[in-house]
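If you want the building blocks of each chain, they are given just below.
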Amino acid sequence: VQLQASGGGSVQAGGSLTLSCAASAVSGRTFSTFSMGWFRQAPGKEREFVAYVNRLSGSTTYADSVKGRFTISRDNAKNTVYLQMISLKPEDTAVYYCAASNEVYTTTPGRYPYWGQGTLVTVSS
């Protein structure tokens, strides 16, 4: 599957952004067969898990650092996954990546074989 992330930008602390990730299915598979995740990588740091959404049930998991502020959702009819971010903090500054996994549930970057190109989110204080 090919993924295209968008929606990044520069905001002040306390602001909001919504990221989108459009998927194009390949090899006869549909978008709904993939679990989806958002990850981020700040300068000089390792890529970290942000949020996960189940391929069918819509159940979600969040990193503690974003719980209550970020919401992941998906629209299988539109082949799109979203990350709504509110109450943004300077420490949320990073390149955000969407990713697709064949596994039912995982938050480990290495278990996601498909990645988008990343979109930069910059939060100023």
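Values in this document were obtained by computation on a predicted structure and should not be read as measured data.

Calculation rules
- Residue numbers run consecutively from 1 along every chain, following the written order of its sequence.
- Since the coordinates come from a predicted model, pLDDT governs what is reported: local features require at least 70, and pairs of side-chain atoms require 80 or more to be given and counted, while whole-chain, interface and lining totals use all residues.
- Computation of side-chain values covers all heavy atoms of the structure but excludes hydrogens and water.
- Secondary structure elements are taken from DSSP: a helix is a run of H or I of four residues or more, a strand is a run of E of two residues or more, and numbering for both begins at the N terminus.
- In this description the radius of gyration comes from C-alpha coordinates, and the expected globular size is given by 2.2 Å times residues to the power 0.38.
- Type-normalised accessible area, obtained with a 1.4 Å probe on protein chains alone, sets the label of each residue: buried when under 20%, exposed when over 50%, and partly exposed for intermediate values.
- We call two residues in contact when some of their heavy atoms are within 4.5 Å.
- Areas reported here follow the Shrake-Rupley algorithm with a probe of radius 1.4 Å; residue values treat only the protein chains shown as occluding.
- The definition of a nonpolar core used throughout is a set of buried Ala, Val, Leu, Ile, Met, Phe, Trp, Tyr and Cys residues joined through side-chain atoms within 4.5 Å.
- Whether a set of points on the 1 Å grid over the protein atoms alone is a cavity depends on a 1.4 Å probe fitting there but being unable to get out, while an open set qualifies as a pocket with protein on both sides within 12 Å along at least five of seven lines; lining residues are those with an atom within 4 Å of a point.
- Grid points are joined across faces, edges and corners, and a volume is the space filled by probe spheres set on the points.
- The nonpolar class holds Ala, Val, Leu, Ile, Met, Phe, Trp, Tyr, Cys and Pro. Asp, Glu, Lys and Arg form the charged class, and all remaining residues, Gly among them, are polar.
- Should a side-chain nitrogen of Lys or Arg be within 4 Å of a carboxyl oxygen of Asp or Glu, the pair is scored as a salt bridge.
- We treat two strands as partners when DSSP finds at least two bridges between them.
- A fitted line through C-alpha atoms serves as each axis, taken over the contacting stretch for helices, and the angle formed by two N-to-C directions is quoted from 0 to 180°.

### Examining the overall build of the chain
Phase 1: Per the secondary structure count, the chain includes zero helices and 11 strands.
Phase 2: For the chain, the N- to C-terminal ordering of α and β elements is β-β-β-β-β-β-β-β-β-β-β.
Phase 3: Rg of the C-alpha trace for the chain: 14 Å, near the compact-globule value of 14 Å for 125 residues, within the 12% margin.
Phase 4: Oriented by its inertia axes, the alpha-carbon framework of the chain measures out at about 45 × 25 × 25 Å.
Phase 5: The burial tally for the chain puts 41% of its 125 residues in the buried class.
Phase 6: Sequence-distant contacts in the chain: of pairs separated by 6 or more residues, those separated by 24 or more amount to 57%.
Phase 7: Looking at the chain as shown, the accessible area adds up to about 6100 Å², and 49% of this sits on carbon and sulfur atoms.

### What to know about the nonpolar core
One recurring pattern in soluble globular proteins is that nonpolar side chains are buried together.
Phase 1: One finds Met-36, Trp-38, Leu-83, Met-85 and Tyr-96 to be the most contacted residues of the largest nonpolar core, which totals 36 residues.
Phase 2: Apart from the residues lying within four places of it in its own chain, the contact partners of Met-85 are Gly-15, Ser-16, Leu-17, Leu-19, Arg-69, Phe-70, Tyr-96 and Val-121.

### Let's talk about unusual backbone geometry
Phase 1: You will see that Asn-79, though not glycine, has its phi angle at about 55°, which is positive.
Phase 2: Relative to the assigned elements, Asn-79 resides in the loop between β7 (70–75) and β8 (80–85).

### Regarding the layout of surface pockets
Phase 1: Reported here for the largest pocket is a volume of approximately 170 Å³.
Phase 2: Along the walls of the largest pocket sit Arg-40, Ala-42, Lys-45, Glu-46, Glu-48, Ser-65, Arg-69, Lys-89, Glu-91, Asp-92, Thr-93 and Ala-94, which together make up its complete lining.
Phase 3: When its residues are assigned to classes, the lining of the largest pocket shows two nonpolar, two polar and eight charged.

### Details of the pattern of salt bridges
Phase 1: Throughout the structure, instances matching the rule amount to five salt bridges.
Phase 2: A salt bridge links Arg-40 to Asp-92, with the shortest nitrogen-to-oxygen separation between them at 2.9 Å. Remark: Asp-92 occurs in the loop between β8 and β9 (94–101) and Arg-40 occurs in strand β4 (residues 35–41); sequence separation between them is 52 residues. Pair check on accessibility: Arg-40 and Asp-92 agree, each one buried.
Phase 3: When salt bridges with common partners are traced through the structure, they connect Arg-40, Glu-48, Arg-69 and Asp-92 into a single cluster.

### Observations concerning the pairing of strand β11 (residues 119–124)
Phase 1: Burial along β11 is one-sided: the residues Thr-119, Val-121 and Val-123 are buried and none of Leu-120, Thr-122 and Ser-124 is.
Phase 2: Across four bridges, the pairing between strand β2 (residues 9–12) and β11 is parallel. Considered in β11, the bridge of Ser-10 is made with Thr-122.

### Points about the sheet that holds strand β1 (residues 2–6)
Phase 1: Taken in spatial order, the four strands make up an open sheet running β1-β3-β8-β7, and their pairing is antiparallel. Each having just a single partner strand, β1 and β7 make up the two edges of the open sheet. The average undirected angle you get between the axes of adjacent strands in this sheet is 15°.
Phase 2: Pairing of β7 with β8 involves six bridges; the strand directions are antiparallel. Looking at β8, one finds that Thr-71 is bridged to Gln-84.

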